[in-house]
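# Examining the three-dimensional arrangement
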Amino acid sequence: MITAGIVGATGYTGVELLRLLAGHSRVAVTRVTSRELAGVPVAEHFPNLRGRLDLAFSAPDFAALGDCDVVFYATPHAVAMHSAAEVLAGGAKVIDLSADFRIRDIHRWEGWYGVRHASPELVLEAVYGLPEVNREAIRGARLVAVPGCYPTAVQLALLPLLENRLIDAGRIIADAKSGVSGAGRKAAAEYLLCETSESISAYAVSGHRHHPEIVQGLERANGGDPVGLTFVPHLTPMIRGILATCYAPVRDPDACDSARLQSVFERRYAGEPFVEVLPPGALPATREVRGSNVCELSVNYLEEQSMAIVLAAEDNLVKGAAGQAIQCMNVLFGWDESEGLAGIGLLP
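Attention here is on the structure that accompanies the text. All of these numbers come straight from a predicted model, not from anything done at the bench. Residues take numbers from 1 onward in each chain, read along the sequence in its written order. Local features are withheld for residues below a pLDDT of 70 in this predicted model, meaning they are given only at 70 or higher, and side-chain atom pairs are given and counted only at 80 or more; totals for whole chains, interfaces and linings count all residues. Hydrogens are left out, water is left out, and the side-chain values use all remaining heavy atoms of the structure.

## Overview of the packing of aromatic side chains
The following threshold applies: Here the aromatic set is Phe, Tyr and Trp, taking the six-membered ring for Trp, and pairing holds for ring centres within 6.5 Å; pairs whose planes are under 30 degrees apart are stacked, those over 60 apart are edge-to-face, and all others are tilted. Secondary structure elements follow DSSP: runs of H or I of four or more residues count as helices, runs of E of two or more count as strands, with numbering from the N terminus. Only protein chains enter the area calculation, which uses a 1.4 Å probe; residues under 20% of their type maximum are buried, those over 50% are exposed, and those in between are partly exposed.
Throughout the structure, instances matching the rule amount to four aromatic pairs. Relative to Tyr-113, the ring of Trp-109 has its centre 5.1 Å away and its plane inclined at 20°; by these criteria the two rings are stacked. Of the two residues, Trp-109 and Tyr-113 are both situated in helix H5 (residues 106–113); the distance of four residues between them amounts to about one turn of the helix. The same class applies to Trp-109 and to Tyr-113, which are both buried.

## Let's talk about the sheet that holds strand S1 (residues 2–7)
This is how the line gets drawn: One requirement defines pairing of two strands: DSSP has to find at least two bridges between them. Here, two residues are considered to be in contact whenever any of their heavy atoms come within 4.5 Å of each other. The angle between two axes is taken between their N-to-C directions and runs from 0 to 180 degrees, where each axis is a line fitted to C-alpha atoms and a helix contributes only its stretch in contact.
Across the sheet, six strands lie side by side as S2-S1-S3-S4-S6-S5; this open sheet has parallel pairing. In this open sheet, the two strands that pair with only one neighbour each are strand S2 (27–33) and strand S5 (127–128). Each of S1, S2 and strand S3 (70–73) is contacted by helix H1 (residues 12–22), which is oriented at about 155° to S2, the strand it contacts most.

## Brief notes about the pairing of strand S7 (residues 172–178)
Only one face of S7 is buried: it carries Ile-172, Ala-174, Ala-176 and Ser-178, and the other face, with Ile-173, Asp-175 and Lys-177, is open. By the bridge criterion, seven bridges tie S7 to strand S9 (residues 229–235) in an arrangement that is parallel. Counted as the bridge partner of Ile-172 is Leu-229 from S9. Note: S7 against strand S10 (residues 242–249), six bridges, orientation antiparallel. By the bridge assignment, Ala-176 is partnered in S10 with Ala-244.

## Let's talk about the environment of Ser-58
As for its position among the elements, Ser-58 is in the loop between helix H2 (42–45) and helix H3 (62–65). Along the chain, Ser-58 and Arg-104 lie 46 residues apart, while their C-alpha atoms are 32 Å from each other. Ignoring any residue separated from it by four or fewer positions in sequence, one finds Ser-58 in contact with Arg-31, Val-32, Thr-33, Ser-34 and Ala-38.

## Some words on unusual backbone geometry
Most of the time, phi is negative for any residue but glycine, and the peptide bond is trans. Cis geometry is found at the peptide bond from Leu-347 to Pro-348, where omega equals -5°. Topologically, Pro-348 is positioned in the segment after helix H13 (318–332). The phi dihedral of Ala-78 falls on the positive side, at around 70°, and the residue is not glycine. As for its placement among the helices and strands, Ala-78 is situated in the loop between S3 and helix H4 (84–89). Positive phi outside glycine occurs at Ser-306, with the angle close to 50°. Among the secondary structure elements, Ser-306 is positioned in the loop between strand S12 (295–302) and strand S13 (307–314).

## Looking at the sheet that holds S12
Pairing in this open sheet of seven strands is mixed, and the strands run S8-S9-S7-S10-S13-S12-S11 from one edge to the other. Looking at the sheet topology across the chains shown, the edges are occupied by strand S8 (201–202) and strand S11 (275–277). Here S8 runs beside S9; their pairing, made up of two bridges, is antiparallel. Bridge assignment links Ala-202 to a residue of S9, and that residue is His-234. Packing against the sheet, helix H8 (residues 149–163) makes contact with S7, S9, S10, S11, S12 and S13, and its axis sits at approximately 145° to S13.

## Quick look at the packing of H8 against helix H10 (residues 211–221)
Stated formally: Angle categories: roughly parallel below 35 degrees, roughly antiparallel above 145, roughly perpendicular from 65 to 115, and oblique for all the rest. Crossing handedness follows the turn of the near helix against the far one: under a right angle anticlockwise gives a left-handed crossing, and clockwise gives a right-handed one. We call Asp, Glu, Lys and Arg charged. Ala, Val, Leu, Ile, Met, Phe, Trp, Tyr, Cys and Pro are nonpolar, and the rest, Gly among them, are polar.
In contact at an axis separation of 9 Å, H8 and H10 are set at 20° when each is read in the N-to-C sense. What the angle tells us is that H8 and H10 run roughly parallel. When the axes of H8 and H10 are compared, the crossing they make is right-handed. On H10, the residues touching Tyr-150, Pro-151, Val-154, Gln-155, Leu-158, Leu-159, Leu-162 and Glu-163 of H8 are Glu-213, Ile-214, Gly-217, Leu-218 and Ala-221. Residue composition of the contact of H8 with H10, by class: nine nonpolar, two polar and two charged.

Shown next, in the form of structure tokens:
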């Protein structure tokens, strides 16, 4: 049994971490921090944890958090970078769900997030927490940077195509749609029920801060060569879920067909516990993965257009955030990756 702390556990990602960790047989949550709710029982704020977590919120004490075996940061961006070094110095492993340590190019990160990075040396040490790519590096990590929700879906959809040099890497389009929980638990008019219900809208068309993270991962899969990505996110009237539809023209239409693409994906993800390549003709839906750590993929080929189309569906709070963080923890401590994550998606 190991001990775990959570910094910033009052948001949607934080409570999802608590929900999943409460059912993990190898983890005892011993510290849950919140400056505003210090002293308040966690189950009073999150009634779904009543009887499952007998613990009160406490003010952040990073020296004390260092005594934990692992500390999760479920904080807004540009928070973990100020205290992660102190937690690491105490001996804890750190798994950060924000963007503070995901992007290797510090200047690029600072441009997108609008602040000076407080711990650039940790960015060089951090391991990007996509187990399907970095499993071995995660095993030996002290600091894991969990991917964003959009980057998880888009990368899993496109990695096999790039790794096998099957597509024109300069002409990729990712059209992605997310539930409102992806915006976080905050009071903002644009996320009110009356604003989001019965409507779908694009946002950040001129540039989304997940774009450099996605490109970084895709360029690695492309052997370090540049990738041209058009990424457009959309807000949909649902609470959870991401559906990403990715389009890429194939390099050699004469050597490509649906069967070959299907085979490439099935081989790439064979044995991966949380990536499901659907059979030909089947299409993913967010309702099928709601509450689970699974990312569903569907591979399609439009022969007349010589276009590969890959659809990815995931729960943005699970495989796109808290579940992936726990998957990384399981890898880090040498456990079965499915520990605490074996739940089946919720229907309806």
